[in-house]
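Residues per chain, in single letters:
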Amino acid sequence: GIKTTTAAVLAATFRGELRRQPPELQGRSISQETIRRSVSIVAMSGTIVFGALFFLVIFEPFSFLSLAFETVSAFGTVGLSTGITPLLGIPGKLILVTVMFAGRVGPLTIAVAIGSRYRVQKHVFPTEDLPVG
């Protein structure tokens, strides 16, 4: 799942952007690679959790809040439950098992395993500063 260091990197990046300074944490600057990896992990984690929650809401008759708690708990592999897990149908249980696996292995590891092989770039595009926001 999302480790505390990933959250700290994102918080430091956010703080740095608000101050219009390079991101730093504990007196050290944070590399762009680390920031990009942290953003990717949070985006993939959110996609996994919201996607699983979407399908659970479709397949299961329980309240949204109970299903959301079960999904986030499964992704974090913390072992907490509202008690509805044994009452879920087969599709719901399979969804939670998949979410538990993704949370334990990590979304970035899964993406690398599923994605294409790493290729060495033969060229580098020029950098452009774009107005965002």
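These remarks concern the structure in this document.

The rules behind the values
- Residues numbered from 1 in each chain as written.
- Predicted model: local features only at pLDDT ≥ 70, side-chain atom pairs only at ≥ 80, totals over all residues.
- Heavy atoms only, no water.
- Helix = DSSP H or I, 4+ residues; strand = E, 2+ residues; numbered from the N terminus.
- Rg over C-alpha atoms; globule rule 2.2 N^0.38 Å.
- Buried < 20%, exposed > 50% of the residue type's maximum accessible area, 1.4 Å probe, protein only.
- Core = buried A, V, L, I, M, F, W, Y, C linked by side-chain atoms within 4.5 Å.
- Contact = heavy atoms within 4.5 Å.
- Phe/Tyr/Trp six-rings, centres within 6.5 Å; stacked < 30°, edge-to-face > 60°.
- Expected span 1.5 Å × (residues − 1).
- Arc of directions from axis to C-beta.
- Axes fitted to C-alpha atoms, helices over the stretch in contact; angles between N-to-C directions.
- Parallel < 35°, antiparallel > 145°, perpendicular 65-115°, else oblique.
- Left-handed = near helix turned anticlockwise from the far one by under 90°.
- Nonpolar A, V, L, I, M, F, W, Y, C, P; charged D, E, K, R; others polar.

## Topic: the overall build of the chain
In terms of helices and strands, the chain carries five helices and two strands. Listing each helix as α and each strand as β along the chain from the N terminus yields α-β-β-α-α-α-α. Since a compact globule built from 133 residues should have a radius of gyration of about 14 Å, the 19 Å found for the chain marks it as more spread out than a globular shape. Counting only C-alpha atoms and orienting by the principal axes, one finds that the chain spans roughly 55 × 35 × 25 Å. The 133 residues of the chain split such that 25% are buried.

## Quick word on the nonpolar core
Core analysis: the biggest nonpolar cluster contains 13 residues, and L56, L67, I95, L96 and V99 have the highest contact counts within it. Once you skip the residues sitting within four places of it in the chain, L67 turns out to touch L53, L56, V57, E60, F62, I84 and L88.

## Here's the deal with the side chain of S38
Counting through the fold element by element, S38 comes out in helix α2 (residues 32–59). Setting aside anything within four residues of it in sequence, one finds S38 in contact with T6, V9 and L10.

## What to know about the packing of aromatic side chains
Counted under the stated rule, the structure contains two aromatic pairs. Between F54 and F55, the aromatic rings sit 5.3 Å apart at their centres with planes inclined by 75°, giving edge-to-face as the arrangement. In this structure F55 comes out as partly exposed when scored by relative accessible area, which is 42%. For the pair F55 and F59, a centre-to-centre distance of 6.5 Å together with 20° between the ring planes defines the contact as stacked. Of this pair, F55 and F59 both sit in helix α2, separated by four residues, roughly a single helical turn. Three or more aromatic residues link up through ring pairs in this structure, and these residues are F54, F55 and F59.

## Quick word on helix α4 (residues 90–105)
The end-to-end C-alpha distance of α4, which contains 16 residues, comes to 22 Å, matching closely the 22 Å that a straight helix rising 1.5 Å per residue would cover. Those residues of α4 that fall on the buried side of the exposure criterion are G92, I95, L96, V99, A102 and G103. Along the axis of α4, the buried positions cluster into a sector of 125°, meaning they face one direction only. Looking at α4, the residues exposed on the side facing more than 90 degrees away from the buried face are I90, L94, V97, T98, F101 and R104. Considering only its buried residues, α4 is in contact with α2, α3 (64–76) and α5 (107–114).

## Focus on the packing of helix α1 (residues 4–19) against α2
Each pair of packed helices can be summarised by the angle the axes make with each other and by the distance between the axes. At a minimum axis distance of 9 Å, the contact between α1 and α2 shows a crossing angle of 115°. In terms of orientation, α1 and α2 fall into the roughly perpendicular class. Seen along the crossing, α1 lies across α2 with a hand that is left-handed. Residues T6, V9, L10 and T13 of α1 pack against T34, I35, S38, V39, I41 and V42 of α2. Residues belonging to the contact of α1 with α2 are distributed by class as follows: six nonpolar, four polar and no charged.

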